[in-house]
Amino acid sequence: MKKLVLGILAHVDAGKTTLSEAMLYRSGSLRRLGRVDHGDTFLDTDAQERERGITIFSKQAMLQLKETEVALLDTPGHVDFSAEMERTLQVLDAAVLVLSGTDGVQGHTRTLLTLLSRYEIPTFIFINKMDLKGTDKNALLSQLHERGSIACVDFTAEKTERDENIAMADEAALEEFLTEGSLCRETIRRLIAERKVFPCWFGSALRLEGVDEFLTELEDFAPVKNYGEEFGARVFKISRDNKNMRLTWMKITGGELSAKSMLSGKDGEETWEEKADQIRLYSGTKFTPIEKAEAGMVVAVTGLTKTKPGMGLGTEKGVTENYLEPVLNYRLLLPDGQDAATVLPKLRQLEEEDPLLRIIWNEAIQEIHVRLMGQVQLEVLKRVIRDRFSINVEFDTGHVVYRETIAAPVIGMGHFEPLRHYAEVHLLLEPGKRGSGFKIATALSTDTLELNWQRLILTHLIERDHPGVLTGSAITDIKITLVAGRAHLKHTEGGDFRQATYRAVRQGLMQAKSILLEPYYDFILEVPHASVGRAMTDLQNMGAVVEAPVMQNELSVLTGYAPVAALQNYWQEVTAYTRGLGQISYTLRGYEPCRNAEEIIKEIGYEAEHDVANPPDSVFCSHGGGFTVKWNEVKNYMHLDSGIRLNRPAVSSAPKQPKPLPQRTTAEQDKELMAIFERTYGKIQRRDFGPRRDPALSDRKTRVEIIEREPQKEYLLVDGYNIIFAWDELKALSQLDLAAARNMLEDILVNYRAYHQCEVILVFDAYRVKGNPGSVEKRNGISVVYTKEAEIADVYIEKTAMKLEKGNKVRVATSDRLEQMIIIGHGAMRLSADAFRKEMEDTQVEISRMIEQYNSTHKNTHRLMNTARITRKNEEET
């Protein structure tokens, strides 16, 4: 009997629970078909789920197909409970994504597709509610292709048509189809398992339409997992039964697990070992105790207290981290007579059950804070605390969870040396890309600092959130590298390096230019055409970035991203001004610079130097006693030198600036350069325009063909640092942050490429980096090159220009006179920094004009359609 762990996911109200019910009923697992609106479905067993009509907690149900035993995991569809859904993905063999035929691909659907891609889960798609008016199969498939960017194939189509569409996804499958006229089951199963094909079925779960066909083909094409003989398991959930017994939910990924056997794992540096008392196989709220769980089964185990969601056991190593994170913070208000010390351990139980619930105890002000995803989750949490612990808590109005990062690299130093203690740590703090999170590394040899001390320092870096210096919010998008450290043979203890590490991070942040970040949502806003103006005004006031409206039937669709703080309760306004006809859906985009940072910093009123729990100062020893040195003076007292100088690379790696020359026109300069080149290397023969040689006699006897020359491809090579130091605004920015200047130039060139439809190659010097192999990256359509060791940008550009000149139009943007002369010798055209700047400004003006014209055209289109609609209505009434 094959085993299949199948997850079912959807946007809220797509009919996911209804489909689960239909699958259980048609497979014979249920005798009676329940309904969500009747509150009697098999899987929505919690009182709040029945009241709200949504899934809040993931559930397991067992269903039997012909030759397959399926563990069906029903997950929440509401965005506030995405963590409950995400942790389930870790153990799935395949997933069923449910879409509403009336709504199509919504905002949360895109998040689900992203997560399914991240965990590489084969996905089956069931488009539900096709019995309702206004559904269009072809339109839905097109929408999936466009918005989902996945290869969806209609499996309800005729077999030949279906196989032909499948074959387009794979070269071997196409060859099989052309040879045999069809595809075998194994080929289709392979393509689904490799996520090259996403099969789609259409039906109505409520009316049981298309469910039988879906179950049959699901069994035919579901991937078959092969498991090893050695025990392995992945924990994905912690819960408690009605007797408050702790349950560890896991999927067995290898071998088998017997009741009463010992399990072990690691919690940080601590190794634990515990007994698996009882193994339960759940279906709904009922379970069957079993003596042995085989590979491919999902079970709940009692007796374990150290397990956590995402933890691997046996051959499964490491802990799987969540992609999503909470963005809202609320202060928990306890009723009179309740002590925080008594309540906190109870709240910790809820925290371990929900990965996106953070319980924070602020010792300094004696307050409990709660971080979560949204208002619905807050209401559910309040009810759970009341029902489970008989405590009626309240929450304040709350605020978004801010983050902090840095703008440029900095060295942080920490020293801790009271009497009979010693540790010194030097850290390199570097800004990372948005969304990169918190990363650590070491650049130390074990000859300099023993490996066990290095590991201890890295552990201290990741064991807590390090507060920033603007608002005390946790830092993110930072890479911290250990670059120097020292221990004492006799006096160093583990806690010494904790103190030195924390102080080094803090001292680095005090020196750095910090940036306050706030969370942003990607949104999809659907409103009637008459409400577009109001919606655009609201979004503009929020500081949103909005794409041009797209018309879909009676609605206009606006997409973009905006701060969570502004969008948080905007759905209520949308419902009001559209009279219930509009809707907004949003998913977490990530963190971006805060739009009103100064206002927020002032409002929070955090004083970094007065935060006694996070000191930036260091402690040194003199004459048998310790003394404190302020953070801005510690450099003079340090016992080590990291050897890193951060103020040099920006100057040394950039090309030297040419002396200013008298201003001439480009044509005059080109003429002068050409004269210099020809005096040095001889006259250049332009063969393209010379008289043609008569063909040989033998050539005249051959058939004459007219060959159309392919249009020339245009390339623009840009000397990056040369342009940065030639343009005043980029030069000024580079003095503050060279990386930011590079990023700004990249953004400018992305717009240039999009308008001119040419290939752009941006070249930066990196030749002084020892051992550097060089790199070429494709970023938003342009190629960004960092030269390898011993190769300067001039040389790279010259070689590339000579290689590309044949049959192509090549231009080089630089103000280096010698480089210009050589470029012309290779037949390329040169573009001075000033001329290139003027061209960029003209391009930007033209782009702005096109956007205004586009918006004006759409506005006129909307007006004409409204006029036509009114005319048609009047004619019908007449």
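Residues numbered from 1 in each chain as written. Predicted model: local features only at pLDDT ≥ 70, side-chain atom pairs only at ≥ 80, totals over all residues. Heavy atoms only, no water.

1. Digging into the overall build of the protein
The following threshold applies: Note on conventions: DSSP H or I runs of at least 4 residues are helices, E runs of at least 2 residues are strands, and numbering of each starts at the N terminus. Each residue gets one of three labels from its accessible area relative to the maximum for its type: buried under 20%, exposed over 50%, partly exposed in between, using a 1.4 Å probe on protein chains only. Pairs of residues are marked as contacts when any of their non-hydrogen atoms sit within 4.5 Å. Only the protein chains shown count as cover for residues, and the accessible areas themselves come from Shrake-Rupley with a 1.4 Å probe.
Helices and strands together make up the secondary structure of the protein, namely 26 helices and 40 strands. Relative to its full complement of 878 residues, the protein shows a buried share of 47%. Taking the intrachain contacts of the protein between residues at least 6 apart in sequence as the baseline, contacts between residues at least 24 apart amount to 70%. Split by element, the accessible area of the protein, about 45400 Å² in all, is 49% carbon and sulfur.

2. Structural notes on the environment of Glu 573
Within the secondary structure layout, Glu 573 lies in helix α16 (residues 570–577). A relative accessible area of 39% means that Glu 573 is categorised as partly exposed. Excluding residues within four positions of it along the chain, Glu 573 makes contact with Arg 534 and Asp 538.

3. Considering the sheet that holds strand β38 (residues 782–786)
How we decide: Strand pairing follows a simple DSSP-based rule, namely that at least 2 bridges must link the two strands. To define axes, lines are fitted to C-alpha atoms, for helices over the stretch in contact only, and angles between the resulting N-to-C directions are given on a 0 to 180 degree scale.
Taken in spatial order, the six strands of this open sheet run β37-β38-β36-β35-β39-β40, and their pairing is mixed. At either margin of the open sheet sits one strand with a lone partner, and together these are β37 (775–779) and β40 (829–831). In this sheet, neighbouring strand axes are inclined to one another by 20 degrees on average, regardless of whether the strands run parallel or antiparallel. Relative to β38, strand β36 (residues 759–764) runs parallel, the two sharing four bridges. Across the sheet, the residue bridging to Leu 762 is Val 784, located in β38. Across the sheet, helix α23 (residues 738–756) is in contact with β35 (713–719), β36, β37, β38 and β39 (808–813); its angle to β36 comes to roughly 165 degrees. Its contacts with the sheet place helix α24 (residues 793–804) against β35, β36, β37, β38 and β39, and it is angled at close to 170 degrees to β35.

4. Focus on the sheet that holds strand β3 (residues 68–74)
Strand order in this open sheet of seven strands is β2-β3-β1-β4-β5-β7-β6, and the pairing throughout is mixed. Only two strands of the sheet have a single neighbouring strand rather than two, namely β2 (59–64) and β6 (152–154). The average angle at which neighbouring strand axes cross in this sheet is 25 degrees, direction not considered. Pairing between strand β4 (residues 94–100) and strand β5 (residues 123–128): six bridges, direction parallel. In the strand pairing of β5, Val 98 is matched with Phe 126. Of the strands in this sheet, β1 (2–10), β2, β3, β4 and β5 touch helix α1 (residues 16–26), which is tilted by about 150 degrees from β1.

5. Section: the confidence of the model for the protein
Applicable threshold: What pLDDT conveys is the predictor's confidence in a given residue, as a value from 0 to 100.
In this model, the protein carries an average pLDDT of 83, and 86% of its residues clear a pLDDT of 70 or more. Confidence drops under pLDDT 50 across residues 649–666; counting only partners more than four residues distant or on other chains, this segment forms 26 contacts. Contacts for the low-pLDDT stretch residues 684–710, under 50 throughout, to residues beyond four places or in other chains number seven contacts.

6. A closer look at the packing of aromatic side chains
Rules: To pair, rings of Phe, Tyr and Trp, with the six-membered ring standing in for Trp, must have centres within 6.5 Å; the planes then decide the type, stacked if under 30 degrees apart, edge-to-face if over 60, and tilted in the middle. A ring has a charge above it when a Lys NZ or an Arg CZ is no more than 6 Å from the ring centre and no more than 35 degrees off the ring normal.
Under the defined criterion, the tally for this structure stands at 17 aromatic pairs. Grouped by ring-pair contacts, the aromatic residues Phe 124, Phe 126, Phe 155, Trp 201, Phe 214 and Phe 221 constitute a single cluster. Above the plane of the ring of Trp 249 lies Lys 237, whose end atom (NZ or CZ) is 5.2 Å from the centre. Above the ring of Tyr 561, the side-chain terminus of Arg 589 is found at 3.7 Å from the ring centroid.

7. Focus: helix α13 (residues 494–511)
Since the α-helix advances by 3.6 residues per turn, residues separated by three or four positions end up pointing in the same direction. This is how the line gets drawn: Helix span, expected: 1.5 Å multiplied by one less than the number of residues in the helix.
For α13, spanning 18 residues, the distance from its first C-alpha to its last is 27 Å, which sits close to the expected 26 Å at 1.5 Å a residue. In terms of burial, α13 is a largely internal element, 13 of the 18 residues being buried.

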